[in-house]
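A look at the structure
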Amino acid sequence: MRKFHVVAPYEPAGDQGQAIDKLAEGFFRGDKYQTLKGVTGSGKTFTMAKIIERVQRPTLIISHNKTLSAQLYREFKSFFPDNAVEYFVSYYDYYQPEAYVPARDLYIEKDASINDEIDRLRLAATYSLMERRDVIVVATVSCIYGLGMPDLYKEMRIHIEKGQALDTHKLAEQLVSLQYKRNDAILERGNFRIRGDVVEIFPAYMETDEAYKIELDWDVVARIRRINAISGNTSEELDETVIYPARHFVVPKNMLLDATANIQKELDERLEELHAQNKVLEAERLKTRTTYDIEMMKEMGYCPGIENYSGPIAGRTRGEPPATLLHYFPDDFLCMIDEAHVTVSQIGAMYEGDRSRKQNLIDFGFRLPSALDNRPLKFEEFRKKLNQVIYVSATPRADEIKQSSQVVEQLIRPTGLLDPVVDVRPSEGQMEDIYKEIKARIAKNERSLVLTLTKKMAEDLTDYLTGLSLKVRYIHSEVETFERVELLKGLRSGEFDVLIGINLLREGIDLPEVSYIAILDADKIGFLRSATSLIQIIGRAARNSNGTVVMYADRMSDAMKEALTETQRRRELQESYNKEHNITPTTIAKAVEDILVRRETDAHEDAKVELEALKKSANLFAPAQRHKLIAALKKEMGEAADKLEYERAAALRDQITEIQNQYGE
């Protein structure tokens, strides 16, 4: 078995070492819950990586949104280049769940757009968990939703080895039952083709260009190769291989037939209930739809919305929890919950919202009662499935602290940077004060953030400060994701000096150039001005040695008191550590810029290599082929942007421009 091994150009610094030691000891001691309370910029991700290296257990890392999950995935990929680091998030680019609105007699059909690359990454995660133990899966709360049974997923895999007798017709039937499609012309992900004595299979979970080529000699496997699906070149000779299903929801035919009998029985019982309630329309609606689905399952082995029948298909009793990603992990796994103060609450809220929507569908004859069993885990079910947990947060909630056998603080930043100075000033005359502070930062080539409570106020304040000849931009939920990243980069590079927003906690990037943060209406009661939010906001200025936060308020709220007390406590400990170790805090801005430049360079190199391969397959002097290639690149650029790979998207954009300039549009 491969061991987890962290590859990094640095060793633990500050108080990272003691945090790693204490949490690893707690894990080996058998502690169920522990908390890592680390300040912004203290290197919590590196600490998490070193803990995984120490305990050597398969690990699930849960984050509360796709943006932060993508960041964690990239970071852990770089820390563990020799291990399986996987990414498991919702594969919908767009998702409109099935719903019924009784007040308007409006039925909304399910509508979704699936991201093929994220679908592959999800399948790659379960494939890795089946095949090895050195696996880290970075996931969002989608990991608590029904996924298909791991036992069946493993049982239905196809094992092929050299010297084995193999009937290509039977193999084709097996592959179809695993939801693979036969396409003898083009080899694409999730497809296979058979040409004489050669079978080529492109597993749904493999890297974009990896497939298997199986050569037969008189119905005996003579050779197995891993090949590049585009070029056909061999990358590895194999003695054996295993093909896993192309979807998570796969069921053997005999089990599916048994399930259809159970679904029919449930339908008959439900129709009796509806007729007894004189709900003739609902009964007819349910009968038509369910009968059609049963026929589809019998004939095709699948039907649209088959997940609504996951309970009867799996043979679960009513109310029994579904199989989820957690069920694919071995019993001794480690779970780390990042930004636990948000993520835990989000996990707890999933079940009720899902149930209320489905109950309407059942009551009005759109679904059978068993559709309720296609659901996320309840919070207690989620907790029971966990082995050992480490909560990771700068501001853990009281519940996490109470549960934890120990709360390990990580307050010292490897850079020696302190928590910022926090000042409270009256709201009267705040605009003049903010203008003066911003001008002082501009003189030092530093940046500023201003936090408002509403979108309208953010936009109005932007107009006001722009009128004072300042370079200002605003950011909020209506700003497109791609544009948000460009705005943050623009702030850092000095295209403008001030960024105004409502809640800049989740933008997912460090801003070391920011030395001044203004918090308007700091004394207002609510989530945006809670103690947790204020502490998180203050942490945004902790990347700069001159960091200062000013709260504009007319009174001292309890949340402000708590935030100020905690910040001062941390600052005193940090100053004491720096004095003891003779450390002078310095702003590290260049290192982060270098990372951005390196990512951009890598993305351009990757795009260039891919483009060269595409150019060989198309005659760029032929307008039709050139148009087809540009359309394919634009599609890929859009997909890269959807996956938050903005450097790659920009590189593809540049390649498209190059083709158009060289060969014409």
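What counts, and at which threshold
Residues numbered from 1 in each chain as written. Predicted model: local features only at pLDDT ≥ 70, side-chain atom pairs only at ≥ 80, totals over all residues. Heavy atoms only, no water. Axes fitted to C-alpha atoms, helices over the stretch in contact; angles between N-to-C directions. Helix = DSSP H or I, 4+ residues; strand = E, 2+ residues; numbered from the N terminus. Parallel < 35°, antiparallel > 145°, perpendicular 65-115°, else oblique. Left-handed = near helix turned anticlockwise from the far one by under 90°. Contact = heavy atoms within 4.5 Å. Nonpolar A, V, L, I, M, F, W, Y, C, P; charged D, E, K, R; others polar. 1 Å grid on protein atoms, 1.4 Å probe; cavity = no way out; pocket = protein on both sides within 12 Å on 5 of 7 lines; lining within 4 Å. Points joined across faces, edges and corners; volume = space filled by probe spheres on them. Buried < 20%, exposed > 50% of the residue type's maximum accessible area, 1.4 Å probe, protein only. Polar contact = N/O pair within 3.5 Å; in protein donor to acceptor, adjacent residues only side chain to side chain. Pairing = 2+ DSSP bridges. pLDDT = per-residue confidence, 0-100. Arc of directions from axis to C-beta. Patch = residues over 30% accessible without salt bridge, like charges linked within 9 Å, V, L, I, M, F, W, Y side chains within 5 Å. Areas by Shrake-Rupley, 256 points an atom, 1.4 Å probe, with all protein chains shown as cover. Salt bridge = Lys/Arg side-chain N within 4 Å of Asp/Glu carboxyl O. Lys, Arg positive; Asp, Glu negative; His and termini not counted. Charge placed at Lys NZ, Arg CZ, Asp CG, Glu CD. Phe/Tyr/Trp six-rings, centres within 6.5 Å; stacked < 30°, edge-to-face > 60°. Core = buried A, V, L, I, M, F, W, Y, C linked by side-chain atoms within 4.5 Å.

This part takes up the packing of helix H16 (residues 531-539) against helix H17 (residues 558-580). Two numbers describe how H16 lies on H17: the axes approach to 8 Å, and their chain directions differ by 40°. In terms of their interaxial angle, H16 and H17 are classed as oblique. The hand of the H16/H17 crossing is right-handed. Across the interface between the two elements, Ala531, Leu534, Ile535 and Ile538 from H16 touch Ala559, Met560, Glu562, Ala563, Glu566, Thr567 and Arg570 from H17. Across the contact of H16 with H17, the residue classes tally to seven nonpolar, one polar and three charged.

Once that is clear, we can look at the packing of helix H1 (residues 16-29) against helix H2 (residues 44-55). At a minimum axis separation of 9 Å, H1 and H2 run at an interaxial angle of 40°. As judged from the angle between their axes, H1 and H2 are oblique. Between H1 and H2 lies a crossing of right-handed hand. Residues Gln16, Ala19, Ile20, Asp21, Leu23, Ala24, Phe27 and Phe28 of H1 form the contact with H2, whose own contacting residues are Phe46, Thr47, Lys50, Ile51, Arg54 and Val55. Taken together, the residues of the contact of H1 with H2 sort by class into nine nonpolar, two polar and three charged.

What follows is about the layout of surface pockets. In this structure, the second largest pocket spans a volume of roughly 610 Å³. Looking at the second largest pocket, it is lined by 34 residues, and the ones nearest its centre are Ser177, Gln179, Val251, Gly301 and Tyr302. For the lining of the second largest pocket, the secondary structure elements donating two or more residues are helix H6 (168-177), helix H7 (253-276), helix H8 (280-300) and helix H9 (310-314). Of all the elements, H8 adds the most residues to the lining of the second largest pocket, at four residues. Of the residues assigned to the lining of the second largest pocket, the class counts are 18 nonpolar, eight polar and eight charged.

Okay, unusual backbone geometry next. At Asp219, a residue that is not glycine, the phi angle is positive and equals roughly 60°. Its location among the elements puts Asp219 in the loop between strand S13 (210-216) and strand S14 (221-228). Of note, Ser469 is a non-glycine position whose phi angle comes to about 70°, a positive value. Structurally, Ser469 is set in the loop between helix H14 (455-467) and strand S22 (472-475). Taking the relative accessible area as the measure of exposure, Ser469 reaches 67% and is therefore exposed.

Our focus in this paragraph is the side chain of Ser393. Looking at the secondary structure, you find Ser393 in strand S18 (residues 388-393). Among the residues examined, Ser393 registers a relative accessible area of 1% and is labelled buried. Only 2.8 Å separates the side chain of Ser393 from the side chain of His341, close enough to count as a polar contact. A distance of 2.9 Å separates the side chain of Ser393 from the backbone nitrogen of Thr395, its partner in a polar contact.

What follows concerns the sheet that holds strand S10 (residues 181-182). In any sheet, the strands associate via hydrogen bonds between backbone groups, in a parallel or an antiparallel arrangement. As summarised here, the arrangement of the six strands in space is S10-S11-S12-S13-S14-S15, forming an open sheet in which the pairing is mixed. Each of the sheet's edge strands pairs with one partner strand only, and the pair in question is S10 and strand S15 (234-238). Two elements, S10 and strand S11 (residues 191-195), share two bridges in a ladder whose sense is parallel. Of the residues in S11, the one forming a bridge with Arg182 is Phe192. Where H6 meets the sheet, it contacts S11, strand S12 (198-201) and S13, and its direction lies at approximately 170° from that of S11.

Pairing is parallel across the open sheet formed by seven strands, whose spatial order is S3-S8-S2-S17-S18-S1-S19. With partners counted over all chains shown, the strands left at the sheet margins are strand S3 (84-88) and strand S19 (407-410), one partner each. Taking each pair of neighbouring strands and ignoring which way they run, the sheet shows an average axis angle of 20°. Strand contacts of helix H3 (residues 66-79): strand S2 (59-62), S3, strand S8 (135-139) and strand S17 (334-338), with the helix running at about 170° to S3, the strand carrying the most contacts.

Now for the confidence of the model for the protein. Averaged over all residues, the pLDDT of the protein is 86; the fraction at 70 or higher stands at 90%. Every residue in residues 590-599 is under pLDDT 50, and counting partners more than four places away or in other chains gives nine contacts.

A separate point is the environment of Ile362. Mapping Ile362 onto the fold places it in helix H10 (residues 340-363). Exposure remark for Ile362: the relative accessible area of 3% places this residue in the buried category. For Ile362, the contacting residues outside a window of four places in its chain are Arg270, Arg367, Leu368, Pro369 and Leu372.

A word on H6. Every buried residue belonging to H6 is among Thr168, Leu171, Ala172 and Leu175, and all of these are buried. Buried residues of H6 fall within an arc of 100° about the axis and therefore sit on the same side. Away from its buried face by more than 90 degrees, H6 exposes His169, Lys170 and Glu173. Those residues of H6 that are buried are in contact with strand S9 (158-161), S11, S12, S13 and strand S16 (240-243). Of the residues flanking the start of H6, the one acting as N-cap is Asp167, its side-chain oxygen 2.8 Å from the backbone nitrogen of His169.

Side chains of Asp167, Glu173, Asp197, Asp217 and Asp219 sit close together on the surface and give a patch of like negative charge. Secondary-structure assignment places Asp217 in the loop between S13 and S14. Residue Asp217 is classed as partly exposed on the basis of its relative accessible area, which comes to 44%.

Aromatic rings in a pair are described by how distant their centres are and how their planes are angled relative to each other. A complete count under the given rule lists 18 aromatic pairs for this structure. Judged by centre distance (5.7 Å) and plane angle (75°), the ring pair of Phe4 and Phe80 falls under edge-to-face. Taken as a pair, Phe4 in the segment before H1 and Phe80 in the loop between H3 and S3 lie far apart in primary sequence, 76 residues in all. The exposure classification of Phe4 matches that of Phe80, with both residues buried. Residues Phe379 and Phe382 carry aromatic rings whose centres are separated by 6.1 Å and whose planes lie at 35° to one another, so their mutual orientation is tilted. Taken together, the residues Phe379 and Phe382, both in helix H11 (residues 379-385) and three residues apart, mark about one turn of the helix. On the accessibility criterion, Phe379 (26% relative accessible area) is partly exposed. Given the relative accessible area of 2%, Phe382 is considered buried.

Let us now look at the nonpolar core. By size, the foremost hydrophobic cluster in this structure holds 61 residues, and its most contacted members are Leu60 and Leu325. Ranked by residue count, the leading element in this core is helix H4 (residues 116-131), at six residues. Membership of the second largest hydrophobic core comes to 34 residues, among which are Phe4, Leu23, Leu121 and Leu334.

Now for the pairing of S19. Of the two faces of S19, only the one carrying Val408 and Gln410 is buried; Val407 and Glu409 on the other face are not. Relative to S19, strand S1 (residues 33-38) runs parallel, the two being bridged by four bridges. Counterpart to Gly38 in the pairing with S19 is Gln410.

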